[in-house]
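# Residue-level structural notes
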Amino acid sequence: MANGLTKILQDRLGIHLLDYDIPEHSNSIKYSLGGMTLSSFGLLLISGILLAQFFIPDPERANRSLQYLTDQVYLGWFLRGIHFWAGEVLTVTMTLHVIRVFFTASYKNPREINWLIGIGIMLMMVTLLFTGTVLKWDQEAYEALAHFLWVADQMGVFGLPLTEAFAQGVPLLNRIYMAHISLLPIIAIMMIGLHLFYIKYHKLSQLPDATKPAKNIPFMKHMAYLRRSGSGIFLLICLLALTLSPPLGEEPILGLEVTKPPWQFVWIYALENVWVPFLIVAPPVIVGFLVAIPIVDQNKQRYWKKRPLAMIVLIGFIATFAGLIIWGTITTMTHSM
Amino acid sequence: MKLFSLLTAAIFIFVAQNAIAHSGHKEESPPVPIAESSDPMYATEEKESDPFGGSGLFSPSDLFMQDEVVSDKPAANESMKTEGSHNENADHKMPEVESAKIKAVETSSKGYGIAAGITLCAGLLFAGLTFIRPGE
């Protein structure tokens, strides 16, 4: 009976298409970081849909609706905690995933396009993180938006669609909310779909130091592993949400510049402290650098010991970012916009 | 005819019931005029139905106004400045702003027990998958 039902479902849902082999090393933490990131993203979508039932995307009510959610709504604080910590965990696993791909040179021929798609997904996630920060509409949010608008203003006509002048009469917060819950997730989901398609198409990369083809396992075994790692991610997020509540300030006092951005953006705060136009220059330079990697790096070697220059770049990149994050955390702003 | 009479009576009773129900408060307070915002961008409808109460302090909606001191009624011709000249009014007394921090969750939070239960279930699920490893 059960077998018959399974066969009926398999025939109709095309589940047999998942019945293919992948390298055995895919069932390891470092090769499952993308799957873990996807688990966090799924959790963000679900918790985001629930949060949207309580959030009022109006500048006069946004912050208060969140205060109401966390203080008055049953489990509201937990729901917001899940959403916040899922975003934090996603940032960590996604960064580690990018580092792993670079370390194992998995971006090389024929996977260059998938690297670029991955960079696009990362940009979407960073933008989602930024818009999410603004939506809570406290002092930190206001200052983040003020900085963003300064950049948009400097970009002239190219920045116009990002300003309120583009759609006068519509509060910018409404448009940011629309981007956060609709535009950006839709683009991100489509890009994730494409990313997964190319992983399937090109197959998971072999181990860089492999001398012979790796032993294969059925893909469904990898799915089982991802299910376990995903449940581990869910447990971690639940534990964090249960013990630590995300920051939420009062409504902003306009004209002040007293807060620091979340740690994911604090590196740019440090750079801005050195030279304000870094705010405009740094993001495109970094994106350009990441995009250029598979084009510039034509070294056929994939094992890290045979890629000394790439390893120096990687370590330099990590050290610079870590240094800027630490510096941005301890330093105080010496200028104003 | 009898049916018509019954229907008419029922309609009258319904109308009368509504009339009584809605005329219970003789001393209705005059409608509070909503302060007209000069800029439709910040106009919010149905302010009286705001479940969070009216804004007593300031309106954060006028983010992009020039003045540091925020007013609920922005001036008519106030320009929509998109960048903050943050320290323009540095001579003014700066209000204290406490930056938001991550805090420990209070166990008195609404539904804490359920949240703990959900976390426990997540833990059990992870433990089960780790020990049994179905499908791996």
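Residues numbered from 1 in each chain as written. Chains lettered and ligands numbered in written order. Predicted model: local features only at pLDDT ≥ 70, side-chain atom pairs only at ≥ 80, totals over all residues. Heavy atoms only, no water.

Let us look at the overall build of chain A. Counting secondary structure elements, chain A contains eleven helices and three strands. Each helix and strand of chain A, placed in order from N terminus to C terminus, yields the pattern α-β-α-α-α-α-α-α-β-α-β-α-α-α. A compact globule built from 337 residues should have a C-alpha radius of gyration of about 20 Å, and chain A, at 22 Å, falls within 12% of that. With the C-alpha coordinates of chain A rotated into their principal frame, the extents come out at 60 × 55 × 40 Å. Contacts in chain A between residues far apart in sequence, at least 24 positions, make up 82% of those at least 6 positions apart. Of the charged side chains in chain A, 24 are positive and 20 negative, and the gap between their average positions amounts to 18 Å. (Helix = DSSP H or I, 4+ residues; strand = E, 2+ residues; numbered from the N terminus. Rg over C-alpha atoms; globule rule 2.2 N^0.38 Å. Contact = heavy atoms within 4.5 Å. Lys, Arg positive; Asp, Glu negative; His and termini not counted. Charge placed at Lys NZ, Arg CZ, Asp CG, Glu CD.)

Here the focus is the environment of Pro208(A). All names here are of chain A. Mapping Pro 208 onto the fold places it in the loop between helix H7 (172–202) and strand E2 (216–218). Pro 208 gets classed as partly exposed once you look at its relative accessible area, which sits at 22%. Taking the C-alpha atoms as reference points, Pro 208 and His 16, 192 residues apart in sequence, are found 30 Å from one another. Ignoring any residue separated from it by four or fewer positions in sequence, one finds Pro 208 in contact with Tyr 31, Thr 104, Arg 302 and Tyr 303. (Buried < 20%, exposed > 50% of the residue type's maximum accessible area, 1.4 Å probe, protein only.)

Residues and elements named next belong to chain A. A complete count under the given rule lists seven salt bridges over all chains for this structure. With its nearest N and O atoms 4.0 Å apart, the salt bridge here joins Glu 24 to Lys 215. Note that Glu 24 is positioned in the loop between strand E1 (21–23) and helix H2 (33–52) and Lys 215 in the loop between H7 and E2, a separation of 191 residues in sequence. The shortest N-O distance in the salt bridge between Arg 64 and Glu 251 comes to 3.2 Å. In this pair, Arg 64 is assigned in helix H3 (residues 62–71) and Glu 251 in the loop between strand E3 (244–245) and helix H9 (266–274), connecting sequence segments 187 residues apart. Across this residue pair, the class does not change: Arg 64 and Glu 251 are buried. Each of the salt bridges in this network shares a partner with another, and the network as a whole consists of Lys 136, Asp 138 and Glu 140. (Salt bridge = Lys/Arg side-chain N within 4 Å of Asp/Glu carboxyl O.)

Moving on, we come to the packing of aromatic side chains. All names here are of chain A. Per the counting criterion, the structure on display carries 18 aromatic pairs over all chains. Seen from their ring centres, Phe 103 and Trp 304 are 6.0 Å apart, and the 25 degrees between their planes marks the pair as stacked. One end of the pair, Phe 103, is in helix H4 (residues 76–103); the other, Trp 304, is in the loop between helix H10 (278–296) and helix H11 (308–330), and 201 residues separate them in sequence. Through a chain of ring-to-ring contacts, three or more aromatic side chains come together here, namely Trp 267, Phe 289, Phe 317 and Phe 321. (Phe/Tyr/Trp six-rings, centres within 6.5 Å; stacked < 30°, edge-to-face > 60°.)

All names here are of chain A. Core analysis: the largest hydrophobic core is formed by 57 residues, its most contacted members being Phe 78, Trp 115, Met 125 and Ile 237. For this core, the element with the most residues is H4, which contributes eleven residues. Of all hydrophobic cores here, the second largest spans 24 residues; its members include Leu 69, Leu 79, Leu 172 and Ile 176. (Core = buried A, V, L, I, M, F, W, Y, C linked by side-chain atoms within 4.5 Å.)

Along the chain, the position of Arg80(A) falls in helix H4. For Arg80(A), which is buried and forms no salt bridge, the nearest opposite charge comes from Asp138(A), at a distance of 6.2 Å.

Let us now look at the confidence of the model for chain B. Residues and elements named next belong to chain B. Per-residue pLDDT for chain B averages 58, and the proportion of residues at 70 or more is 30%. The spread of mean pLDDT over the elements of chain B runs between helix H1 (residues 2–22), the lowest at 48, and helix H2 (residues 112–132), the highest at 97. Overall fold confidence for the complex sits at a pTM of 0.80, while the interface term, ipTM, reaches 0.91. (pLDDT = per-residue confidence, 0-100.)

Let us now look at unusual backbone geometry. The general pattern is negative phi for most residues beyond glycine and trans for most peptide bonds. All names here are of chain A. The omega angle of the peptide bond from Asn 109 to Pro 110 is 10 degrees, so this bond is cis rather than trans. Within the secondary structure, Pro 110 is located in the loop between H4 and helix H5 (112–135). For Lys 203, which is not glycine, the phi torsion reads 70 degrees and is therefore positive. For Lys 203, the position within the fold is in the loop between H7 and E2.

Inspection of every chain in the model, using the stated rule, returns zero disulfides over all chains. Of the cysteine sulfurs around Cys238(A), a residue in no disulfide, the closest is that of Cys121(B), at 9.5 Å. Since its relative accessible area comes to 0%, Cys238(A) is described here as buried. (Disulfide = S-S within 2.5 Å.)

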